[in-house]
Amino acid sequence: MYNLFSVKLLFESTATSTINPAKIFEERIFLVKGGSSEEVCSIVKKHFKPETYENADGGINKVELVKILDVFELVDDLSESLNLKEVYSRYIIFENPSTTTEEAIEKYSLDK
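In this report, we go over the structure that sits alongside the text. (Residues numbered from 1 in each chain as written. Predicted model: local features only at pLDDT ≥ 70, side-chain atom pairs only at ≥ 80, totals over all residues. Heavy atoms only, no water.)

1. So, the nonpolar core
Moving on, step 1. Counting residues in hydrophobic clusters, the biggest one holds 11 residues: Phe5, Val7, Leu9, Phe11, Val32, Val40, Val44, Phe48, Val63, Leu65 and Ile68.
Moving on, step 2. Of all the secondary structure elements, the ones that give two or more residues to this core are β1 (3-16), α1 (37-47) and β4 (60-73).
Moving on, step 3. If you tally residues by element for this core, the top one is β1, at 4 residues.
Moving on, step 4. With sequence-adjacent residues up to four places away left out, Phe48 is seen in contact with Leu9, Phe11, Arg28, Phe30 and Leu65. (Core = buried A, V, L, I, M, F, W, Y, C linked by side-chain atoms within 4.5 Å. Buried < 20%, exposed > 50% of the residue type's maximum accessible area, 1.4 Å probe, protein only. Helix = DSSP H or I, 4+ residues; strand = E, 2+ residues; numbered from the N terminus. Contact = heavy atoms within 4.5 Å.)

Right, dumping it as structure tokens:
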């Protein structure tokens, strides 16, 4: 039997180009079947191999998984409907109880 996990991943994309050299980070969330969080991490690492391709400027783009940020086991029953099912959750704890919503959003870029 397997469980479903939501996995939050960080990818890094570097572009070599004479016009627009850049480094871009991208967060992605995937659903992965597995028996444990360790197995899911192994599946993810095997699946997302570095990718290289030529971009429109004639340069080379390299995209690679650089970090598994979080693994979250789904607890909702997905057998009936996928509508409004939770696939990711993270608690952000602040020592200061007077931290405002705006401060939390700014500190963790939650609106991006």
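2. Examining the pattern of salt bridges
Moving on, step 1. Inspection of the entire model under this criterion finds 3 salt bridges.
Moving on, step 2. With its nearest N and O atoms 3.7 Å apart, the salt bridge here joins Lys62 to Glu64.
Moving on, step 3. Here Lys62 falls in the partly exposed class, since its relative accessible area comes to 34%.
Moving on, step 4. The partly exposed category is assigned to Glu64, whose relative accessible area is 23%. (Salt bridge = Lys/Arg side-chain N within 4 Å of Asp/Glu carboxyl O.)

3. A closer look at the side chain of Asn55
Moving on, step 1. By the secondary structure assignment, Asn55 is in the loop between β3 (51-54) and β4.
Moving on, step 2. A distance of 3.1 Å separates the side chain of Asn55 from the backbone nitrogen of Asp57, its partner in a polar contact.
Moving on, step 3. In this structure the side chain of Asn55 is engaged in a polar contact, spanning 2.6 Å, whose partner is the side chain of Asn61.
Moving on, step 4. In this structure Asn55 touches Ala15, Thr16, Ser17, Ile60 and Asn61, once residues within four positions along its chain are discounted. (Polar contact = N/O pair within 3.5 Å; in protein donor to acceptor, adjacent residues only side chain to side chain.)

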